[in-house]
Amino acid sequence: MTSPHWTIDEAPGRDVRAVIPEDFRLESGERLAAGAVTGRLHGPERGPLVVVAGGISSDRFATRWWSWAVRAGGPVDLDRARVLALDFPPGKDGPGVTITTTDQARLLAVLLDGIGEPEIDAFVGASYGGCVGLAFAAAFPERIGQLVAISAAHRSHPAATAWRGVQRRLLAFARDCGREAEGVALARELAMVTYRTPEEFGLRFGPTPPRRAGEPYPVCDYLIDRGAAYAEATSAARWIALSDSLDRHAVAPGAVRCPLTVVGFISDRLAPIGDSRELADRAPNLRAFVEAPSIFGHDGFLKEREQISRVLHDALSPLYANTQREIAA
């Protein structure tokens, strides 16, 4: 997923927090260093509640990292829906832990309890957020109205685990050598290659060689810039924990009983289209399966505005219509 540094001002919202119970333990048996889970609410005082969650570099400021989708009048309409996004633990400064997508789903439940919301009308999740959405639907079927899972499947593919495993070893090596920021930057460069496609790189970058061997090519300049930006945003421990969480992700499709919309991009190498097809085939309450072309690979959920907008409109517009009828009555 691309860099979390944004220049567009966010829509008005307010932070919400819930204390993590003293007896809360991760599936590993570990405890989180943080004492609370933090989210951000946008939208009107009344209306359907929609949870929005993105990749491991996303946060509670969904109107920044998905500004074209989460906005007034947008596909996730802040004029007609209350939107909740959250920060995924562990935080940047916390120690590394073994945390699963089910743990993240349980922490979302803690936040919902803290703000007095027994259930959500819809969960829109992309990449890691889609995995958390699937885990939430399986763990709390009574608390979710519907799920839209984009660029996410019920399991991690071994090829994606292979790429992420190299990133984690690079992160650990750099941290142990006292060069953590450089390690984060290099791991980010490697990750960007897996997020996008050879076709996009071919269109954007020419073959112009540098003057000397070892100097960066134009495509490398792009990756170096993305890596340097991300080095300020996370820590090696946090990245290792969330990357590992993706590879531990496993949800039985039959356990996702709420109405489900699955969106997969044919060019996605991290969440291969075959896994999206399997999820759609095995889900007991499939509403729609969208198999979409894109030159952007895994980052299609960020870049393919028209396709994603149509999906979100089809999924969420009935919620808005129901709310308008209730207000009119």
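Residues numbered from 1 in each chain as written. Predicted model: local features only at pLDDT ≥ 70, side-chain atom pairs only at ≥ 80, totals over all residues. Heavy atoms only, no water.

1. So, the layout of surface pockets
Approximately 390 Å³ is the volume found for the largest pocket. Along the walls of the largest pocket sit 25 residues, with Phe 88, Pro 90, Gly 91, Lys 92 and Arg 238 positioned nearest its centre. For the lining of the largest pocket, the leading source of residues is strand β2 (residues 36-42), giving 3 residues. In terms of residue class, the lining of the largest pocket is made up of 14 nonpolar, 6 polar and 5 charged. (1 Å grid on protein atoms, 1.4 Å probe; cavity = no way out; pocket = protein on both sides within 12 Å on 5 of 7 lines; lining within 4 Å. Points joined across faces, edges and corners; volume = space filled by probe spheres on them. Helix = DSSP H or I, 4+ residues; strand = E, 2+ residues; numbered from the N terminus. Nonpolar A, V, L, I, M, F, W, Y, C, P; charged D, E, K, R; others polar.)

2. Some remarks on unusual backbone geometry
Cis geometry marks the peptide bond from Pro 89 to Pro 90, where omega comes out at 0 degrees. Take Pro 90: it is sitting in the loop between β6 (82-86) and α2 (101-114). For Ser 127, which is not glycine, the phi dihedral falls at a positive 60 degrees. Its identity as a non-glycine residue notwithstanding, Ser 151 has a phi of 55 degrees, on the positive side. For Ser 151, the location among the structural elements is in the loop between β8 (147-150) and α4 (158-176).

3. Notes on the sheet that holds β2
In spatial order, the strands read β1-β2-β6-β3-β7-β8-β9-β10; together these 8 strands make up an open sheet with mixed pairing. Each of the sheet's edge strands pairs with one partner strand only, and the pair in question is β1 (13-19) and β10 (286-292). For this sheet the average axis-to-axis angle between neighbouring strands, irrespective of direction, equals 20 degrees. Alignment of β1 against β2, held across 7 bridges, turns out to be antiparallel. (Pairing = 2+ DSSP bridges. Axes fitted to C-alpha atoms, helices over the stretch in contact; angles between N-to-C directions.)

4. Examining empty space enclosed by the protein
Inspection of every chain in the model, using the stated rule, returns 1 cavity of 30 Å³ or more. Reported here for the largest cavity is a volume of approximately 270 Å³. Along its surface, the largest cavity is lined by 26 residues, and Ser 127, Arg 164, Leu 246, Leu 270 and His 298 are the ones closest to its centre. Going through the elements one at a time, α3 (128-139), α4, α5 (180-195) and α8 (236-248) are the ones with two or more residues in the lining of the largest cavity. Looking at the lining of the largest cavity residue by residue, the class counts come to 13 nonpolar, 10 polar and 3 charged.

5. Concerning the confidence of the model for the protein
Taken residue by residue, the protein gives an average pLDDT of 93. The fraction at 70 or more is 95%. Within the model, pLDDT remains below 50 along residues 2-8, and this stretch shows 19 contacts once partners closer than five positions in the same chain are excluded. (pLDDT = per-residue confidence, 0-100. Contact = heavy atoms within 4.5 Å.)

6. Let's talk about the packing of α4 against α8
Two numbers describe how α4 lies on α8: the axes approach to 10 Å, and their chain directions differ by 160 degrees. As far as their axial angle goes, α8 and α4 are roughly antiparallel. For the pair α4 and α8, the sense of crossing is left-handed. Contacts between α4 and α8 involve Ala 160, Thr 161, Arg 164, Gln 167, Arg 168, Leu 171, Ala 172 and Arg 175 from the first element and Ala 236, Trp 239, Ile 240, Ser 243, Asp 244, Leu 246 and Asp 247 from the second. The residue inventory of the contact of α4 with α8, partitioned by class, reads 7 nonpolar, 3 polar and 5 charged. (Parallel < 35°, antiparallel > 145°, perpendicular 65-115°, else oblique. Left-handed = near helix turned anticlockwise from the far one by under 90°.)

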